[in-house]
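Coordinate inspection notes
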Amino acid sequence: MENHHHLIPIFHKYLNNQCSPAEVAELLAHFRTEKEHALLRSLILQQLENFIDEASTKEQVDEPVFDRIFAGVSTQIDQHQQAVVPVIGKRLKYYWVGVAASILMVCSIGLYLYKIQPQSQNSISKNKPYPADVSPGGNKAKLTLANGSVITLDEADNGQLARQKNSVVNKAKDGEVVYQVNNQQAVAGVMEFNTITTPRGGQYAVVLPDGSKVWLNAASSLKFPVAFTGAERNVELTGEAYFEVAKNKQKPFKLTVNGATVEVLGTHFNVMAYHDESKMRTTLLEGAVKISKKDKSGLLKPGQQADIDKQNNIRIAEADTEQAMAWKNGYFKFGRDNIQTIMRQLSRWYDIDVVYEGGIPADEFVGKIRRSANVSEVLRVLELNNIHFKITGKKIIVINI
């Protein structure tokens, strides 16, 4: 193979949009894609994702990282254009083509570097073990019944948990509670409400009395009636949850969250509305939803998301649905996220506190990491960019160096 190691610094600068015209020409000439900037960037990102996938199933890969990247990109470029385009089209749906910083590329392969090249000089801490570590969250929640009694779901046995009027509450399996209603007995009257609450480091799913299913992320709660007997199905959310709403044209499903209303008939969507985030975000996967707050509203189509800021402005744009659903699918997925955004996610899932020393880094990160990993594995990835961490009990110190 042609020696390409002198191109690695240019490779980084290219992803950072910092190359001189001469350096861009040299790199593109190497891959014979002088007029295909987007193609080259997409192929590079595809190769990086392949590394992550392979690293998760292998303990060791013989080829050096950059040899594999260069070889993979060169091979694909040599293929007929018709064979390449469908692959790239799929990748462009999930990845930013114009990457903002070279660390984005490094973080994308960070888990791979840590897992299969433990002696890499890129790691600031030289892969010395942390003196302490924090395990990931799991299926934890409490169910508060209408009479005030509280059931710790992760400690309860499977089977019937409670009976409320015409509803039976069952723990179907670890991580899921199901409400069953005898519709023949459903009668109007004073509504009784239950609330399911996940702590930091917890997640849980609930099947509502109408058959709708809701997955709650960490530090979240859902308030809902024991039976939907009125003209509408009204629930209230704090935190984050993914909804698969049972279709019922005669009885609209309305979600209230942070003073906003999400109205649906039957659809799949995710709502992120933590109080420590700068905006509330609703991402639609299937169906249609109407978002409204104060005197403003918007209609979402599948593949779109609506952001509501602190001034109640609603902005609708195309969504990265994979990133929105990553938490439910067992991953963290970062798409040009800053360190504060990332650490807020880690804080909720690992039940940790975060403090900063030496200023807050301005870098942005792209990557995908399993939520089942200990927090040290996630920190190893982030450490590939001039950031260091200390773990003290349930506190993580972010050190900008």
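That block above? That's the structure.
Residues numbered from 1 in each chain as written. Predicted model: local features only at pLDDT ≥ 70, side-chain atom pairs only at ≥ 80, totals over all residues. Heavy atoms only, no water.

Within the protein, the regular secondary structure consists of 10 helices and 24 strands. Buried positions account for 51% of the 401 residues belonging to the protein. Nonlocal contacts in the protein, meaning residues at least 24 apart in sequence, comprise 54% of its contacts between residues at least 6 apart. In the structure as shown, the protein presents an accessible area of about 18700 Å², 48% of it carried by carbon and sulfur atoms. (Helix = DSSP H or I, 4+ residues; strand = E, 2+ residues; numbered from the N terminus. Buried < 20%, exposed > 50% of the residue type's maximum accessible area, 1.4 Å probe, protein only. Contact = heavy atoms within 4.5 Å. Areas by Shrake-Rupley, 256 points an atom, 1.4 Å probe, with all protein chains shown as cover.)

Attention now goes to the sheet that holds strand β21 (residues 353–357). With respect to topology, three strands assemble into an open sheet ordered β21-β24-β23, the strand pairing being mixed. Single-partner strands in this sheet number two, and they are β21 and β23 (387–392). Along the sheet, successive strands turn relative to each other by an average axial angle of 25°, direction set aside. Alignment of β23 against strand β24 (residues 395–400), held across six bridges, turns out to be antiparallel. Residue pairing across strands places Thr392 opposite Lys395, the latter belonging to β24. Along the sheet face, helix α9 (residues 339–350) touches β21, β23 and β24 and points at about 150° away from the line of β21. With respect to the sheet, helix α10 (residues 375–382) is in contact with β23 and β24, its orientation differing from that of β23 by roughly 160°. (Pairing = 2+ DSSP bridges. Axes fitted to C-alpha atoms, helices over the stretch in contact; angles between N-to-C directions.)

Membership of the largest hydrophobic core comes to 41 residues, with the highest contact counts inside it found for Ile196, Val206, Leu222, Phe243, Leu255 and Phe269. Within the second largest apolar cluster, 24 residues are counted, among which are Phe332, Met343, Tyr350 and Val398. (Core = buried A, V, L, I, M, F, W, Y, C linked by side-chain atoms within 4.5 Å.)

Glancing now at unusual backbone geometry. At Ala219, a residue that is not glycine, the phi angle is positive and equals roughly 55°. Inspection of the secondary structure puts Ala219 in the loop between β9 (213–216) and β10 (220–225). Of note in this structure, Asn258 is not a glycine but carries a positive phi near 50°. Relative to the helices and strands, Asn258 is located in the loop between β12 (253–257) and β13 (260–264).

Function cannot be read off these values alone, since they describe shape.
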